[in-house]
Structure formats: structure tokens, C-alpha cells
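Read off the chains here:
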Amino acid sequence: MMEALFTDYTLRTVALGASLLGVVSGALGGFALLRRQALLGDAISHAALPGIALAFLVTGSKAPLVLVTGAALAGWIGAALIMSVTRRTRVTYDSALGIMLSVFFGFGLVLLTYIQRIPGANQAGLDNFLFGQAAALVEKDVLVILGLGSGALVLLAVFWKEFKVLSFDRAFGATIGLPMKRLDHLLTALFVIAIVIGLQTVGVVLMSAMIIAPGAAARQWTDRLGRMIVLSATFGAVSGLGGALVSSSAHHVPTGPAIVLIVSAIVVVSLLFAPNRGLVWRRIREWRHGRELRVDAVLLDLYALASQHTSSDHPHAERVLNVMSGVSASARPTLRLLELLGLARKIDASRWSLTPEGVERAQRVIERQYGS
Amino acid sequence: MATEKIDAAIDVRDLTVAYGEKPVLWDIDLEVPSGVLMAVVGPNGAGKTTFLKSILGLVRTAAGSVLINGRPYADMRQRVAYVPQRGSVDWDFPTNVLDVVMMGLYGQVGWVRRPGRAERDRALMALDQVGMESFAERQISQLSGGQQQRVFLARALVQDADIYFMDEPFQGVDATTERAIIDLLRALRERGKTVVVVHHDLQTVPEYFDHVMLLNVRRIASGPVGDVFTEEHLRTTYGGRVSFVRAVAAAT
Amino acid sequence: MYRISLIVLLLTVAGCGPSTDPTRGPVSEDEPLRVVATTSMIADVVRVVGGPTVDVTGLMGPGIDPHLYKASEGDVARMSNADIVFYNGLHLEGKMVEIFAQMAERGKDVHAVTEGIAPGKYRESELFAGNYDPHVWFDLSLWQDVTRYVGDRLADRDSVHAAQYRRRAAAYADTIAALHTWTAAKMDGIDPSLRVLITSHDAFGYFGRAYGVEVRGLQGISTASEAGTADVQELAEFVADRRIPSMFVESSISPRGIEAVRAAVRDKGFDVQIGGTLYGDALGPAGSGADTYLGMMRANIATITAGLQHGN
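Residues numbered from 1 in each chain as written. Chains lettered and ligands numbered in written order. Predicted model: local features only at pLDDT ≥ 70, side-chain atom pairs only at ≥ 80, totals over all residues. Heavy atoms only, no water.

*Asks:* Looking at this structure, I do not really get the overall build of chain A. What am I missing?
*Replies:* What chain A contains, in helices and strands, is 16 helices and three strands. Seen through its C-alpha atoms, chain A measures out along the principal axes to roughly 100 × 55 × 40 Å. Every one of the 372 residues in chain A was classed for burial, and the buried ones make up 50%. A distance of 7 Å separates the average location of the 33 positive side-chain charges in chain A from that of its 22 negative side-chain charges. (Helix = DSSP H or I, 4+ residues; strand = E, 2+ residues; numbered from the N terminus. Buried < 20%, exposed > 50% of the residue type's maximum accessible area, 1.4 Å probe, protein only. Lys, Arg positive; Asp, Glu negative; His and termini not counted. Charge placed at Lys NZ, Arg CZ, Asp CG, Glu CD.)

And the structure:
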């Protein structure tokens, strides 16, 4: 299978195109995520639909470059409108997003329905832009993706530090003389390019996944911007490659959705298992911490009881400890744990006492908590 | 013998900002001499942050002009440093303390070039001035409020500016940090710098600052603290609340 | 006074509704029968069989893909106002199935022309049992059955002209039968090893079965399904191995898929041609010669034979 990646034209081309798309959308999507503009990618890709339809209606041409230009223009206008509406009216950002997304997309669908009555229109394959047609990528398409994509990445690298300030503290950037408004426009334009080159591969509806998912996954694994963007691009590339391979190994598996499924899986794994931020590890840490607190609490209770008697190994009833702990759960599981740790000892069916080690540890806990 | 006129550090004329019909700042005139520590006080919604932002060109003005050392602000950006409110950024951004401070130098590094050894050293020195040098590699998400404030200050210090604008730098910081900040501001004044601070705590104005501007959409009064920070002016600025105002004035 | 005017108002409103009586009586001598047909092929056969006494409106023009076609408000209105509606059935008009069901429930004269074909003659889908290939018009013998069915339904609806409908149907069926024989002969004339038809989607199954041609499509029976990478690879390997001279694109589908297959085949060292555009799910535009069913079949046969005999 892996050998076929190099020898088979179709697999090679689709995998290359999809991976390149993954790199570009991952890198730029990472920045979008940090600027809280992830859903803007969704709005832009949906806004592209009427752009494609109008490009066809106006020029009558079905050349991919023409349609993609229409998509880029419409996406850009959509983004500009959202910003403008947010700034000038009382409509909030997410409302403006939602409105623009549905209005543009709806308009696009209406145009498509109208176009379907025009003879020869179906040959333009406008419907394919909804979900993409990755399996039909040819060398020419990949060259376009490579050209536009590498241009976008070069600009990202050139203006890296300015984009960093733009994303972190825009107002401050303006005061040190950086042209924040123009940088904002530039970054948005690169964003639109990333989205638009993906439309033929995964389509309008699924493109937002390629923008949002790699960045969201990458954020889980690192706290450094450079590494996050590189990781995001890598996740995107892996998804593209993986989607092509999966689609190549079974019948009737469309490539675009396969890519999106893989990147979604990466996100789920990242959310759950990333070392610091992963939910699973956080749960485990919380549980361990909680257990430690319970151990210390019961230990101190035993110590308090013991200090009322002459010898520290005087046994105490479990019932008493239950009452002292004040929590609805019984103290028995914690007592068993203390026994395991060698800090307490079971005297008979329901009585416990501290071991010398237990006494020592209790004293240390008190020292730590209250100062000696 | 004619005395030559020294340009004020900051010269604001007729500054007016309005959101639609509502005036936020109205016809503000202000002259700030160099080498002072000036507080800007006023009730909530008085326009204090907007005042700072409109001087810095971050907010569109309906009218007015700003001169820095006698020249328009746009020409004098390198001489001015800004410390925004801590809450204005997302501290979960993936970057560390040193990186944030070096951002202060991006305007001087120029396009395409990456900040190098020299910039790094300057940033570390600025961090040392605020007592945060050992935090250089720390993620900013792990900082306390006071530490965040100091990082912002270091970012401003690294620019080696003449005039500093700060927006509520004492808000929500611990006592140690507050002392450290005021020491820093005084040191700046010693070196002839001008510092304008939007300040939220009236009680500490006489202790920390030598000049003050009372602002409530209009400029109520401005000048040396002794002359201007009176009960009458406070009452005009804050409206009523007599006991509160009297207590503050008594502390003057 | 108030109550009277309320009653008058209610009666007026009640009387203002559209006429929803679908079971009109036989048509008068002067008024033509209003017929709506979905695909251009069906519109064509209704025109021929119906003659001057029917007024046919086709919903889908030339080059329109019936699998993805979504009916507009205007289409629904046209169907509501028609006396009789013909559609293909077998799920060809995939996005209109509910509309037909609703109309039938309301007592409208709605007929699937494939019901004129005995169920045993359907091609069953390999992947989905119980689902059938709807592209019946490519087997001319089946289209004869459809012709007669259309004639009978028109006769039922319009008993005044029933005899004429049945007569025209029979005559047209004969013409189709002749073309059927001619097509079989033409296909026989092609070398069996070259008798392979590669198209954009699985539209030509009936054609393959009726005339002994091996048929492969890139997309499945419905264009709603997307071709995966494996589908492109497999088809390319097939074409290269068997050294098939030509592949064909279809008038209602984007050629990108077949072009991608072609690029893959050429990379394997075999130069396959695009033999031309076939009329797959729709007739051609007016003036193209393929704007009637007979013309369309002749044009397709010409394209296919020329393409497959290329280089011989």
C-alpha cells in the first residue's frame, strides 16, 4: 500500500493534494483559532458557494480557476461584511457569523437550483463543491494548490512576528507603529486562500473541519506558538494523507469525508489524552489529588482521636471516624488504603489504629498545613 | 530675557470622542509637563480608558489634536509606550514571558528580520528591572495577576520611551507588586520620563502621584495634586457622595 | 348586522380556495390534455404518442441530471395543474420521490412509466438488494414497453382520443423495435475484446445487457454517490490492462472524474482517449439532432462505435 503511494498516479496525486491542503489549512487555521476566528472559516467557506455559482453564471466558464476566484471573492466579501456588521451595529460577533453563513449559503443553494435548469450546467460540476471531489484531483490541480499554498505559507513566515502581535495584543501592536489593520486584512486574505484551495477537495460543508480541527488538536500538545503551528500543519497533512489512503483501500469511500473523519479522530484523541491538558489525565490527576486529601483527612482524624489517649495505637471504632469525617461516604475505603500504605492497622472487625509510620506522617501533615 | 518655551511632554487640544450621539470625551484640553507622575481619575464610564486610547490613535476622534514634545503623535510613536489593561488580552495564548517583552521591540526590529541576541538582552534587562528575570521561560498562563502586570510593564520599559501611558496598572495586584510598581514609576520620573496613569483608587492618589487630572467626559481639573485634588473638584467629578469625597479630600 | 357580514365573509373565503378537484371528467374536443413529464426522454415519448391532442411540459431540460434534480415551486404548481403526470420511477428522480407519493395520495393521475415493464426485466443493484437500476431507456426493447404503457394511460384519461393514442403507440413501438435490431447489429460489429463501455456513472447497465457490451461506470447508479480514490484507481487499472481505446463522458455530469481516470491511465503508459460525450440521463439540446429519443440513441451509438473502433 505504501509503495503504491509512490507508484500509483491517482493515489500519489490525491495524497499529495490532500496533504498540501492539510498543511496550509492547518497552519492558517491554527492562527484563526488563536484569534477566536475559527468559525469565521466556516462562514467563509459557506459564503464561497454563491461566489462559485455567480462566477459560473457570469462567465459561463467551468474552469476551476474561474470558479475558485469567484469563491475567494465571495468568501472575502463575507468576512468583510461580518467584521463590518460587528463593528458598526449592536449585533454580536457570533450572531453576525450565523446570519452571514446562512444567508450566503442559502443564496448559494438558490443559485444552484436555478442553475440546474441551464443546459450544460451540470457539466461544470458545481454540486461537487458542496462536498468536494478529492478523488478527481489531477496534477494540474495539485500544482495550483502547491502554488497558492506555498505563497500563503511564505507570507505567514515573513510576517510571523507581526501576526503574533496581531493575534495576542492588537491594540499594543498599533502603538508600536505596526499597521494592524492592513496586517489583519492580509491574514484574513491568507485565510481565504487556504479555504478556497480546499473547496475542490473536501467541499464547502466540510472545509471548516480542516480549518478548525488541526489547530484545536495541536493546542492540546504544546504551549509554544511555533510548535503549535507546525504541529497543526502536520496534523492536517497526516489527515490528508490518511484520507487518501483509506479511500484508496476500500470501494465507494469518498475521499473528502475520509480526510475529515481522520482529523476528527485526531482531535478526539488530543482532547482526551494530551499530557497536560488532556481530559483523561486531568481526571486522573483530580482523582489522585482527591484521594490524597481524603487520606490526609482520615489520618488526621485518627491522630486527633489517638492524642486523647496515652498510647498512639489505641484502637478506635470505624463509626466514630465516619461521624468525624462528616462526609456521607464512609471512611472504610480510605481506612483500607491507609492500611495498604502501612499507616494504619485493623484491630478487629470495626476498629482501627495508627501505626508508628502513620503517626509520623500525621505529624508531618500538621506541620505542613499549620506551620511548626 | 525671554524665556524659551519648552514643549510640554503631552499637549492635548479639543479632544472629543463620541459614539454616535453619545459624547464620551468632550473638548478636552490638557498640558502635561515632562518629568511628572500624573494620575487620571474619574467615575466608571467617565472615559478614562477612552482618553488614553484616543491619544494613542486606537479610537477614532471626532475632533482634537495631540502633540508629543511639540510634534504630532504619529511622528513620535517611538517615544511613547503603552501598558494596556491586563484584561485586554487572552493570557492563555501560547507564548512565554520573554517573548511578550520582546514584542515591545518588534517596531524597532523592522520587517522580515527576527529579533536577535541584542533584543533578547534588552528584554532580559527590562525583566530584571521588574524583578521577573527568572520567569523568562515561564508560560504566561501560569502567571499571577501581579506577575502579568509586571510583564506588561517590562514590555513598555524595553522600548526606552520618554512617555508612558498606563491603564489601571494597580488593579488587582498584590501589595508587593504594587510597591514594586510605584518604585519603578518613581525611578522613571527621576530620569525625566513622563508617566500618565489611569488610576482607580482615589485614596492613594496623593501618595503616589504629583499631578492629577479629574475626568468625567470633560476635564474637570488638572494640575499638581496639592492644587487640584480638592473636595470641591472631587464632588464635581464624582457627583454627590459627600462623605466619601470628604474622606478622600481629608487624606490630601 | 355584524353576524351577517361575518357569515358573508366566511362564505367568500371558503369559496376563494383553488379548485382541488383532481378527477375532472373527459377532456373536451378543443382543449388539449395537459401532461407533465419529468425527464426529456419521457417528454419525448409522450409527445410522439400523444400527438396534437396533448400539451406536454418537460421539467428537466437537456443536460439536466435527474438524480440530483430538486423540484421548484413552479414545478410543483405545473404538476398540480396537469391532467396527468409521467415520471420514470425506480428512484431515478431521487429528490422528488415524496412529491409523487403525495400527489398520488391526493388522487392525482401520476404514473411511473417503468411500471409498464415487467419486474423480471429490471436490473437489480449489486450493492443494495431490492433497489433497481432506473436507466431503462437504454434498452430499446424496454422502451417499447414504456411506449405502450404511456399510450394506455393517455387512453384511460382521455377516452375520446383513446384509439389514436393506442395506434400511435403501436407505430412508435415498431420504429423503436427497428432501431433495437439495428443497434444490436452495430454492436456485434465491434470486436468483442473492445466492446467495453466506460462512462461517468453506471447509466448504461441495460444497454450492456441488451447489446452484449461490458459496461463500467466511475460513479454508481446514482450521481449522488461520490467516487472514492479506490474507484478511480481500479477503473484506471482496468482500462490500462484491457487497453480499451476510449472512455466517454456524459452530458449531464462533470467530466473531471473521467479526466482523472484518464490521467492515471496515461501515467501507466497507455494513451486512452475521451471518445466523446454521451447523452446519459437526458436528451440533447434543440437542434443537436439528439433532442428526440431516437436521435439521442443514434447519436450515442455513433459516438460509441467511433470511439471503440478508434485506432483499428
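*Asks:* Can you help me understand the pairing of strand 8 (residues 273-278) of chain C in this one?
*Replies:* Working note: regular strand, side chains alternate between the two faces of the sheet. Residues and elements named next belong to chain C. Relative to strand 8, strand 7 (residues 246-250) runs parallel, the two being bridged by five bridges. When the sheet's bridge partners are listed, Met247 is paired in strand 8 with Ile274. Assessed by its sense of winding, the connection that carries the chain from strand 7 through helix 9 (residues 256-267) to strand 8 is right-handed. (Pairing = 2+ DSSP bridges. Right-handed = clockwise from strand over helix to strand, strands pointing away.)

*Asks:* I keep staring at the sheet that holds strand 2 (residues 54-58) of chain C and nothing clicks. Help me out?
*Replies:* Backbone-to-backbone hydrogen bonds join strands into a sheet, with any given pair of strands oriented parallel or antiparallel. All names here are of chain C. Spatially, 2-1-3-4 is the arrangement adopted by the four strands of the open sheet, whose pairing is parallel. The open sheet terminates on both sides in strands that have one partner only, identified here as strand 2 and strand 4 (110-112). Here the strands of the sheet are splayed against their neighbours by 25 degrees on average, with no regard to which way each runs. Pairing analysis gives three bridges linking strand 1 (residues 33-37) to strand 3 (residues 84-87), with the strands arranged parallel. Bridging from a neighbouring strand, Ala37 pairs with Phe86 of strand 3. Against the sheet, helix 5 (residues 140-157) touches strand 1, strand 2, strand 3 and strand 4, its axis set at about 165 degrees to strand 3. (Axes fitted to C-alpha atoms, helices over the stretch in contact; angles between N-to-C directions. Contact = heavy atoms within 4.5 Å.)

*Asks:* I'm lost on the layout of surface pockets in this one. Help?
*Replies:* To locate leftover empty space, one rolls a probe as large as a water molecule over the atoms. Approximately 1,800 Å³ is the volume found for the largest pocket. Listing elements by their share of the lining of the largest pocket, those giving two or more residues are helix 4 (64-88), helix 8 (160-168), helix 9 (170-175) and helix 10 (180-219) of chain A together with strand 1 (10-19) of chain B. Considering every element that reaches the lining of the largest pocket, the biggest residue donor is helix 4 of chain A, with eight residues. Considered as a void within the structure, the second largest pocket measures approximately 1,100 Å³ in volume. Lining the second largest pocket are 37 residues, with Ser125, Leu127, Asp202, Gly220 and Ile221 of chain C sitting closest to its centre. Elements supplying a minimum of two residues to the lining of the second largest pocket: helix 7 (205-211), strand 6 (214-219) and helix 8 (229-242) of chain C. Per-element accounting of the lining of the second largest pocket gives the leading share, five residues, to strand 6 of chain C. Classifying every residue of the lining of the second largest pocket gives 12 nonpolar, 15 polar and 10 charged. (1 Å grid on protein atoms, 1.4 Å probe; cavity = no way out; pocket = protein on both sides within 12 Å on 5 of 7 lines; lining within 4 Å. Points joined across faces, edges and corners; volume = space filled by probe spheres on them. Nonpolar A, V, L, I, M, F, W, Y, C, P; charged D, E, K, R; others polar.)

*Asks:* What's the story with the interface of chain A and chain C in this structure? I'm lost.
*Replies:* Quite often, the size of an interface is put as the accessible area lost when its parts meet. Taken together, the contacts link 42 residues of chain A with 36 residues of chain C. In this assembly, chain A and chain C are joined by three salt bridges. In this structure, the salt-bridge partner of Lys268 of chain C is Asp8 of chain A, at a minimum N-O distance of 3.5 Å. Across the chain A-chain C interface, the total number found is 11 residue pairs in polar contact (both at pLDDT 80 or more). It is helix 2 (residues 9-34) of chain A that provides the largest number of residues to the side of chain A that touches chain C, a total of five residues. Residues belonging to the side of chain A that touches chain C are distributed by class as follows: 17 nonpolar, 19 polar and six charged. (Salt bridge = Lys/Arg side-chain N within 4 Å of Asp/Glu carboxyl O. Polar contact = N/O pair within 3.5 Å; in protein donor to acceptor, adjacent residues only side chain to side chain.)

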